[in-house]
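Listed here are the chains, written in short residue letters.
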Amino acid sequence: MVRLGVTLGLLLAATSAVATPGAAAADVVSNPTFASDTSHWSASSNAVLARFKASNGSTYGRVIPRSSRGTKTISVRSSASAVLPVGTYVHVAAQISTTDKGRTVTFQLREVDPAGTVLRTWTDARKVTTTGWKWVGAHLTTKYPGSRVSVKVKESVRRKNSFRLRSINQSVTLGTEAPADSTMAADLTQCGSIDFSNPDQGSLTYADEFNGTQLDPNQWRIRDNTFLNQDAAYIDKDNVSVHDGYLDIMGKREPEASWRSDSQSLYGEENRVRKYSTGYVDSIKSAGDGSNNQASSARFSQKYGYFEARLLVPSTDTMSQGIWPAFWLRADNTPGEIDVLESYGAPTSRSDGFDPSPSYEWNSWQDTSQSSSKAHFLGRPKVTEPIYGDWHTFGVNWSPTCLRYTMDGKTVGTARPVAGETPYINGPTFDSPFHIRFNMQVGSHYWGWPDPSVTKDEFHYKVDWVHVYQKH
């Protein structure tokens with residue numbers, strides 16, 4: 001292991017590194033130290049990265065918004081490391097401070113492919129309550145041959161505020177490349193054979209083919225007359241229907257007379273006025289806030305098993321900015337969450353021009369409500385054709401040893417309770433039955449809010465069927 005302290009810099013592999021047993025010296029590739037050279041970092045298009053020297057002689061980088069108006073998310077990211085062998089453990093930490101006390105600063109360590117596409121992230125989000133320096137850090141173990149790692153730091157600041165970054169240091173323990181025929185050999189050894197839909201391993205415990213004309217209220221709860229914080233829409237039960245053999249969740253732009261206002265909106269004026277409506281169904285046993293339904297103990301939830309659904313998403317590469325359908329599972333009694341699919345439309349308002357629509361994200365969360373300790377594991381599968389072009393089946397095999405995500409029966413990602421990486425998978429926040437949710441949000445602070453010029457007026461998220469299996 002090599003541990004280095006760097007000012008406004010990141011050295012993830014160096015010729016002076018000490019390789020772990022089994023790692024050849026040739027695997028250790030030189031990468032620039034950014035000690036006092038901000039050219040190896042880049043700020044988002046709405047920000048400027050400047051280098052300052054404090055009175056004590058230490059150097060730090062300050063990320064300053066270009067505009068002093070309103071609230072905006074500004075960020076800075078490092079260039080990628082040298083290529084790292086699969087199984088390399090990387091830990092990066094830094095000191096941050098902000099002039100906007102009480103705001104949350106997010107520190108992300110990312111594994112990226114050669115094209116720069118983010119494959120996985122590990123996040124540390126901290127609410128900074130003072131103007132002093134505070135440590136943040138993140139770690140991951142590389143899983144994909146040819147991948148690199150990089151760091152991104154971001155904060156949503158108000159008016160003229162900014163954040164500072166200094167004393168970045170890291171430790172790297174080199175791993176050994178996986179066989180060329182498997183990008184996830186280590187994980188698949190542990191959980192690749194787990195398939196509860198296989199009659200030899202499991203049996204069907206729940207199914208809905210959506211062949212009727214309406215949802216069974218004893219099986220599904222249709223939310224109504226409520227808001228979500230990451231949304232520019234309100235939820236309306238009339239946007240949920242069953243016809244032609246599938247569940248249809250509609251989103252649409254409403255006439256001005258039907259717009260609604262959310263006084264508790266997370267992003268203030270950005271999404272206070274809800275100009276769109278959408279739908280949301282789940283199998284929660286309780287009646288819940290914002291729902292006209294009664295509680296039903298017959299609704300479905302299950303601990304462990306294979307959850308799958310056949311879906312058609314409307315988040316296409318044009319005229320779908322803000323469209324955000326999801327198929328996810330949430331714990332009945334704890335904060336755990338498993339996102340089988342989250343699909344994002346395009347174009348987006350992101351400065352890097354990334355188009356998320358062809359693929360999707362799978363996620364697992366320890367606790368989405370606690371930003372200071374939200375262990376998070378995600379992936380973005382590589383697909384040969386855009387997922388929005390046809391129906392596809394998305395699923396997750398959830399066992400005490402791993403989560404194995406699938407698309408059309410093929411493994412696209414895994415998450416295991418590796419010590420120091422994803423222990424929550426077999427921890428207390430996952431010690432609960434999980435229920436099913438299908439919903440579609442319309443807009444987010446990260447990907448962009450809907451707009452008639454880049455978002456169609458009506459769109460449909462369709463669910464052909466949902467099946468769940470459990471181990472014998």
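Everything below is about the structure shown above.
Residues numbered from 1 in each chain as written. Predicted model: local features only at pLDDT ≥ 70, side-chain atom pairs only at ≥ 80, totals over all residues. Heavy atoms only, no water.

S.K.: Can you help me understand the overall build of the protein in this one?
M.R.: The number of helices and strands found in the protein is one helix and 32 strands. Out of the 472 residues belonging to the protein, those deemed buried represent 55%. Here the analysis covers contacts within the protein between residues at least 6 apart in sequence; of these, 74% occur between residues at least 24 apart. Only carbon and sulfur atoms are counted for the fraction: they give 48% of the accessible area of the protein, which is about 19,300 Å². (Helix = DSSP H or I, 4+ residues; strand = E, 2+ residues; numbered from the N terminus. Buried < 20%, exposed > 50% of the residue type's maximum accessible area, 1.4 Å probe, protein only. Contact = heavy atoms within 4.5 Å. Areas by Shrake-Rupley, 256 points an atom, 1.4 Å probe, with all protein chains shown as cover.)

S.K.: Just checking my understanding: could you explain the sheet that holds strand β7 (residues 103-112) for this structure?
M.R.: Backbone-to-backbone hydrogen bonds pair the strands of a sheet. The strands run either parallel or antiparallel. One open sheet accounts for five strands, arranged β2-β5-β10-β7-β8; its pairing is antiparallel. Either end of the sheet is taken by a strand with one partner, and the two such strands are β2 (41-43) and β8 (118-128). Between one strand axis and the next, the sheet turns by 20 degrees as a mean value, whatever way the strands run. Taken together, the ten bridges between β7 and β8 define a ladder with antiparallel strand orientation. Looking across to β8, one finds that Phe107 is bridged to Asp124. (Pairing = 2+ DSSP bridges. Axes fitted to C-alpha atoms, helices over the stretch in contact; angles between N-to-C directions.)

S.K.: What is the right way to look at the pattern of salt bridges in this model?
M.R.: Two side chains bearing opposite charge may form a pair once their charged atoms approach each other closely. Applying the stated criterion to the full structure yields 13 salt bridges. The closest approach of N and O atoms between Arg221 and Asp282, which form a salt bridge, is 2.9 Å. You can see Arg221 sitting in strand β13 (residues 221-222) and its partner Asp282 sitting in strand β21 (residues 280-282), a full 61 residues away along the chain. One exposure class covers both Arg221 and Asp282, and it is buried. Measuring nitrogen to oxygen at the nearest pair gives 3.3 Å for the salt bridge that ties Arg330 to Glu337. On the accessibility criterion, Arg330 (16% relative accessible area) is buried. Looking at Glu337, the relative accessible area reads 7%, which means it is buried. (Salt bridge = Lys/Arg side-chain N within 4 Å of Asp/Glu carboxyl O.)

S.K.: Can you help me understand empty space enclosed by the protein in this one?
M.R.: One water molecule sets the probe size; rolling that probe over the atoms shows where empty space is left. Per the counting criterion, the structure on display carries two cavities of 30 Å³ or more. There is about 50 Å³ of room inside the largest cavity. In the lining of the largest cavity, the residues fall into five nonpolar, six polar and no charged. (1 Å grid on protein atoms, 1.4 Å probe; cavity = no way out; pocket = protein on both sides within 12 Å on 5 of 7 lines; lining within 4 Å. Points joined across faces, edges and corners; volume = space filled by probe spheres on them. Nonpolar A, V, L, I, M, F, W, Y, C, P; charged D, E, K, R; others polar.)

S.K.: Explain unusual backbone geometry to me, please; I cannot follow it from the model alone.
M.R.: In this structure, the amide linkage connecting Ala346 to the following residue, Pro347, adopts the cis form with an omega of 0 degrees. Position of Pro347 among the secondary structure elements: in the loop between β25 (337-342) and β26 (361-365). Of note, Phe210 is a non-glycine position whose phi angle comes to about 55 degrees, a positive value. You will see that Asp244, though not glycine, has its phi angle at about 55 degrees, which is positive. Within the fold, Asp244 resides in the loop between β16 (240-243) and β17 (246-253).

S.K.: Looking at this model, I keep getting lost on the side chain of Thr429. Mind explaining?
M.R.: Tracing the chain through its elements places Thr429 in the loop between β30 (410-415) and β31 (434-442). Leaving out residues up to four positions away in the same chain, Thr429 has contacts with Ala331, Thr334, Pro335, Gly336, Gln366, Tyr424 and Phe434.

S.K.: Would you mind going over the layout of surface pockets with me for this structure?
M.R.: One number sums up the size of the second largest pocket: a volume of about 520 Å³. Forming the walls of the second largest pocket are 23 residues, and the residues nearest its centre are Pro381, Lys382, Val383, Thr411 and Val412. Sort the elements by how many residues they give to the lining of the second largest pocket and β30 lands first, with three residues.

S.K.: What's the story with the environment of Ser444 in this structure? I'm lost.
M.R.: With respect to the helices and strands, Ser444 occurs in the loop between β31 and β32 (458-471). Separated by 123 residues in the primary sequence, Ser444 and Gln321 place their C-alpha atoms 9.5 Å from one another. Ignoring anything within four residues of it in the chain, the contact list for Ser444 reads Gln230, Trp324 and Trp449. A distance of 3.0 Å separates the side chain of Ser444 from the backbone nitrogen of Trp447, its partner in a polar contact. (Polar contact = N/O pair within 3.5 Å; in protein donor to acceptor, adjacent residues only side chain to side chain.)

S.K.: Just to check I follow, could you spell out the packing of aromatic side chains for this structure?
M.R.: Two descriptors summarise a pair of aromatic rings, namely the distance from one centre to the other and the angle between the planes of the rings. Inspection of every chain in the model, using the stated rule, returns 21 aromatic pairs. Taking 4.9 Å as the distance between ring centres and 80 degrees as the angle between the ring planes, the aromatic pair formed by Tyr360 and Phe394 counts as edge-to-face. Here Tyr360 is found in the loop between β25 and β26, whereas its partner Phe394 is found in strand β28 (residues 392-398), with 34 residues between them in sequence. A single burial state applies to Tyr360 and to Phe394, both of which are buried. An angle of 85 degrees between the planes, with centres 5.0 Å apart, marks the rings of Tyr446 and Trp447 as edge-to-face. Overall, the relative accessible area of 28% leaves Tyr446 in the partly exposed class. (Phe/Tyr/Trp six-rings, centres within 6.5 Å; stacked < 30°, edge-to-face > 60°.)

S.K.: Explain the nonpolar core to me, please; I cannot follow it from the model alone.
M.R.: For soluble globular proteins, nonpolar side chains are generally found buried alongside one another. Residues Leu247, Phe327, Ile436 and Phe438 are the most contacted members of the largest nonpolar core, which totals 75 residues. Excluding residues that lie within four positions of it along the chain, Ile436 makes contacts with Tyr206, Trp220, Val281, Asp282, Ser283, Phe300, Phe307, Phe327, Trp328, Leu329, Val466 and Val468. By size, the runner-up hydrophobic cluster in this structure holds six residues, among which are Ile194, Phe196, Cys402 and Tyr469. (Core = buried A, V, L, I, M, F, W, Y, C linked by side-chain atoms within 4.5 Å.)

S.K.: What is the right way to read the side chain of Gln230 from this model?
M.R.: Here Gln230 lies in the loop between β14 (226-227) and β15 (233-235). A polar contact of 3.1 Å, which involves the side chain of Gln230, links it to the backbone nitrogen of His445. Contacts of Gln230, omitting those with residues within four sequence positions, involve Tyr267, Trp324, Gln441, Gly443, Ser444, His445 and Trp449.

S.K.: Just to check I follow, could you spell out the pairing of β28 for this structure?
M.R.: On any regular strand, side chains alternate: one points to one face of the sheet, the next to the other face. Counting buried residues in β28 gives seven out of seven residues, a clear majority hidden from the surface. Neither face of β28 is exposed, since His392, Phe394, Val396 and Trp398 on one face and Thr393, Gly395 and Asn397 on the opposite face are all buried. Sheet topology places strand β23 (residues 305-312) next to β28; seven bridges connect them, and they run antiparallel. The residue of β28 that forms the bridge with Glu308 is Gly395. Looking at chain direction, β28 and strand β29 (residues 403-407) are connected through five bridges and run antiparallel.

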